[in-house]
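# Tertiary structure, described
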Amino acid sequence: MKEKIFYITTPIYYPNDRPHIGHAYTTVLADTLARWYRLRGFDVFFLTGTDEHGLKIQREAEKHGLNPRSFVDKMVSIFKEYWSILDIDYSRFIRTTDEDHEEVVKYALDYIYRKGYVYKGIYKGWYCTSCERYYSEKEYIVENGRPTCPSHRKPLEYMEEETYFLKLSEFQDYVLDVLNKDIVYPRHYAQEIISKIKLEGLQDISIARPKTRVYWGIEIPFDKNFTTYVWFDALLNYVSGIEFLRNRDRFDRYWNYVHHVIGKDILWFHTAVWFAMLAMLDIPPPRKLLVHAFLTVKGQKMGKSVGNIVSIDDLMSRYGSSDAVRYILMRVLNYDKDVEVSWDLFDSIYTGDLVNTYGNLVRRLTVLAMRTLNGVVDRDLDEEFVKEIKPLIDQGIEAYNSFRISDAIKYAMDIARKTNAYLNKREPWRSSNPRPTIYTGLEALRITTLLLYPVMPRTATSIIRALGLEIEFSEEIFELGRVDTFRVREAPIPFKKLSGAAGGI
Ligand code: MSP
């Protein structure tokens, strides 16, 4: 039998500023999948954290007049605060300044150096500090006659210095092979990288920086005058986070099931570079790489450098709860296409789905159960209605299992809508035998709520309790007719109506 294990990661974020809703988009996605698998009784490990070394952080700290260590310490507590506000239930928050991580980076450098994959040379080229990467002539754009970063639209810096190179080129065929396996989701992102490699070849990359320029990094074990390139350092968090060196059994247990969630901006590093690095370390490629597109404002990727950020605070204060914010982000989730954010879009999701559909069903059904049956509702399943909603439940489960969270919660809303219509049709408040309709309605509400649980854990837990139940963590919970007796205790209004218009995005 397949083991029920699930390991999921987010990118580790640069703590140069507080997280915005773009970072929340990725992190809530990973948290939702982690909760989906926990709900089904899996052993889940969920890793997130911060990418703390390198020039970008070094400069940001200097700008604040702080040494990098105190700067990142301060920023990390802000990140943790936001993840706690958004109910992100990670198993470990990894920092690249953690001792066990630094140990892994040094080990990895030493290992691949001894295997002959590293050589000394001179690097000449154009660098974007916001991306922490070089851009080749084919990759950068030219604005006002100057080489410019295509992602941040900022002029690149010219560098020419001694460094160590990593022989990615030796792994070109291997990387292409791995890209042809069913790892990258959606598939077209793999195709993009395959085309790029076929066009340009897989070039060696520089993995060291002179300490005189970038002092804030992990020292290269075989040459004390250099620090480690921040991407080489950062990618390794995925293996150090589950104790690659300190507990090999544990590492093997989770690695086999690893799912990396990333935005499409860092696809190259998580395929070409990461697959090759893993091969050099004799570690198999990840099981899945889930890649999503951007949240945009006026067509541009939301980000600090562009200066078009919508903050997590703004969303929290408009919609009033972490669950509503999480729901909105997951409802618009799109792997393939960028999503243009707007208050109109967010408001219509909040009002249409949460207030008018789900919230309305919760309120009227619980009131009905208490008024007509004193809240005590024994099993009496209406098989006719079961036939109507069973396919939607199956499709919801299938959508989660294939990472399509937005579809999964749309199916949940379809069930809620059908149940509202079912109540209208049957009018149990007029009936001399209201029990079958109310029991079946409550079962539909229970399952809708469980399908919403990974996205809205707080609301779901409190609604399940209002029905006199507790959340169970097993595969069987989606069977209709599973509950012997509902004991409805209260009639909650989980989402309040919006008042007033929001400020402009
Ligand atoms: N530190 C690197 C990642 C190293 S992982 C080994 C990094 N950090 S970052 O802070 O810039 O975060 C990038 C990630 O944040 C993106 O890949 C994406 O997951 C998320 N997003 C940041 N802005 C976003 C949008 N505007 N829209 C969607 N996702 C966004 O890169």
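A short tour of the structure in this document, coming up. (Residues numbered from 1 in each chain as written. Predicted model: local features only at pLDDT ≥ 70, side-chain atom pairs only at ≥ 80, totals over all residues. Heavy atoms only, no water.)

### A short note on the pairing of strand E15 (residues 288-292)
Of all five residues in E15, five are buried, a share of seventy percent or more. Judged from the two bridges that link them, strand E9 (residues 184-185) and E15 form a sheet pairing that is parallel. Pairing of Val184 across the sheet is with Leu289, part of E15. In terms of handedness, the path from strand E14 (residues 258-263) via helix H10 (residues 267-280) over to E15 forms a crossover that is right-handed. (Buried < 20%, exposed > 50% of the residue type's maximum accessible area, 1.4 Å probe, protein only. Helix = DSSP H or I, 4+ residues; strand = E, 2+ residues; numbered from the N terminus. Pairing = 2+ DSSP bridges. Right-handed = clockwise from strand over helix to strand, strands pointing away.)

### Some points on the packing of aromatic side chains
Tallying each qualifying case throughout the model produces 38 aromatic pairs. A ring pair is formed by Phe45 and Tyr254, whose centres lie 5.4 Å apart and whose planes are at 45°; its orientation type is tilted. Placement of Phe45 in strand E2 (residues 43-50) and of Tyr254 in helix H9 (residues 248-255) is noted, with a sequence separation of 209 residues between them. Judged by relative accessible area, which is 8%, Tyr254 ranks as buried. Ring pairing ties together the aromatic residues Tyr107, Tyr111, Tyr238, Phe244, Phe251, Trp255 and Trp274, which thus form one cluster. Its guanidinium or amino end placed over the ring of Tyr254, Arg253 lies 5.8 Å from that ring's centre, counting from NZ or CZ. Sitting over the face of the ring of Phe294, Lys264 holds its NZ or CZ atom 4.8 Å from the ring centroid. (Phe/Tyr/Trp six-rings, centres within 6.5 Å; stacked < 30°, edge-to-face > 60°. Lys NZ or Arg CZ within 6 Å of the ring centre and 35° of its normal.)

### A short note on the environment of Glu52
In this fold, Glu52 is placed in the loop between E2 and helix H2 (55-63). According to the relative accessible area criterion, Glu52 is buried, its value standing at 0%. Expressed as a C-alpha distance, the spacing of Glu52 and Thr461, which sit 409 residues apart in the sequence, is 36 Å. In contact with Glu52, other than residues within four places in its own chain, are Pro15, Ile57, Val72, Val76, Arg95, Thr96, Thr97 and Trp216. (Contact = heavy atoms within 4.5 Å.)

### Considering the site of the ligand
Around the ligand, the surrounding shell holds 25 residues, and the nearest of these are Ile12, Thr26, Asp51, Asp265 and Leu295. Between an oxygen atom of the ligand and a main-chain N or O atom of Tyr14, the distance comes to 3.0 Å. A distance of 2.8 Å separates a nitrogen atom of the ligand from a polar backbone atom of Leu295. For the ligand, the protein covers 95% of the area, taking 670 Å² as the surface of the free molecule. Secondary-structure elements contributing two or more residues to the shell around the ligand are helix H1 (21-39), helix H7 (230-235) and helix H8 (237-240). It is H1 that provides the largest number of residues to the shell around the ligand, a total of four residues. Of the residues contributing to the shell around the ligand, the split by class is 14 nonpolar, eight polar and three charged. (Near = heavy atom within 4 Å. Polar contact = N/O pair within 3.5 Å; in protein donor to acceptor, adjacent residues only side chain to side chain. Areas by Shrake-Rupley, 256 points an atom, 1.4 Å probe, with all protein chains shown as cover. Nonpolar A, V, L, I, M, F, W, Y, C, P; charged D, E, K, R; others polar.)

### Quick notes on the side chain of Thr357
As for its placement among the helices and strands, Thr357 is situated in helix H13 (residues 343-373). A distance of 2.7 Å separates a polar side-chain atom of Thr357 from the backbone oxygen of Gly352. Discounting residues that sit within four places of it in the chain, Thr357 has contacts with Gly352, Met413, Ala416, Arg417 and Asn420.

### Regarding the nonpolar core
Core analysis: the biggest nonpolar cluster contains 185 residues, and Ile21, Trp83, Leu166, Val239, Trp255 and Phe478 have the highest contact counts within it. Sequence-distant contacts of Leu166, that is, excluding residues within four places in its chain, are made with Ile112, Tyr117, Val118, Asp204, Ile205, Ile207, Phe232, Met277 and Met280. With six residues, the next largest nonpolar core counts Cys128, Tyr135, Cys149 and Leu156 among its residues. (Core = buried A, V, L, I, M, F, W, Y, C linked by side-chain atoms within 4.5 Å.)

### Focus: helix H5 (residues 172-179)
Each full turn of the α-helix corresponds to 3.6 residues, which orients residues three or four apart in the same direction. Of the residues making up H5, those classed as buried are Val175, Leu176, Val178 and Leu179. Along the long axis of H5, the arc covered by the buried residues comes to 160°, so they all point the same way. Summarising the geometry of H5, the exposed residues directed more than 90 degrees from the buried face are Asp173 and Asp177. (Arc of directions from axis to C-beta.)

### Points about the pattern of salt bridges
The full count for this structure, using the stated rule, is 49 salt bridges. Two residues, Asp347 and Arg318, come together in a salt bridge whose shortest N-O distance is 2.8 Å. Linking Asp347 in helix H13 with Arg318 in helix H11 (residues 312-319), this pair joins segments that are 29 residues apart in sequence. A network of salt bridges, in which partner residues are shared, links Glu52, Arg69, Asp73 and Arg95. (Salt bridge = Lys/Arg side-chain N within 4 Å of Asp/Glu carboxyl O.)

### Considering the packing of H13 against helix H15 (residues 405-426)
Viewed as axis vectors pointing N to C, H13 and H15 meet at an angle of 45°, and their least axial separation amounts to 10 Å. Comparing the axis directions of H13 and H15 gives the class oblique. Here the hand of the crossing between H13 and H15 comes out left-handed. For the pair formed by H13 and H15, the contact residues are Asp353, Leu354, Asn356, Thr357, Tyr358, Asn360, Leu361, Arg364, Leu365 and Leu368 on the first element and Met413, Ala416, Arg417, Thr419, Asn420, Leu423 and Asn424 on the second. Taken together, the residues of the contact of H13 with H15 break down into eight nonpolar, six polar and three charged. (Axes fitted to C-alpha atoms, helices over the stretch in contact; angles between N-to-C directions. Parallel < 35°, antiparallel > 145°, perpendicular 65-115°, else oblique. Left-handed = near helix turned anticlockwise from the far one by under 90°.)

### What to know about the environment of Pro285
You can see Pro285 is positioned in the loop between H10 and E15. The exposure class assigned to Pro285 is partly exposed, which follows from its relative accessible area of 23%. Apart from the residues within four sequence positions on either side, Pro285 is in contact with Tyr174, Val178, Ile183, Trp255 and Leu278.

### Quick look at the side chain of Glu139
Mapped onto the fold, Glu139 is located in the loop between strand E5 (133-135) and strand E6 (141-143). The class for Glu139 is buried, based on a relative accessible area of 19%. Within polar-contact distance, the side chain of Glu139 engages the side chain of Arg133 at 3.2 Å. Each residue touching Glu139, except ones within four places of it in the same chain, is listed here: Arg133, Tyr134, Pro150, Lys196 and Glu200.

Coordinates in, geometry out; function isn't part of it.
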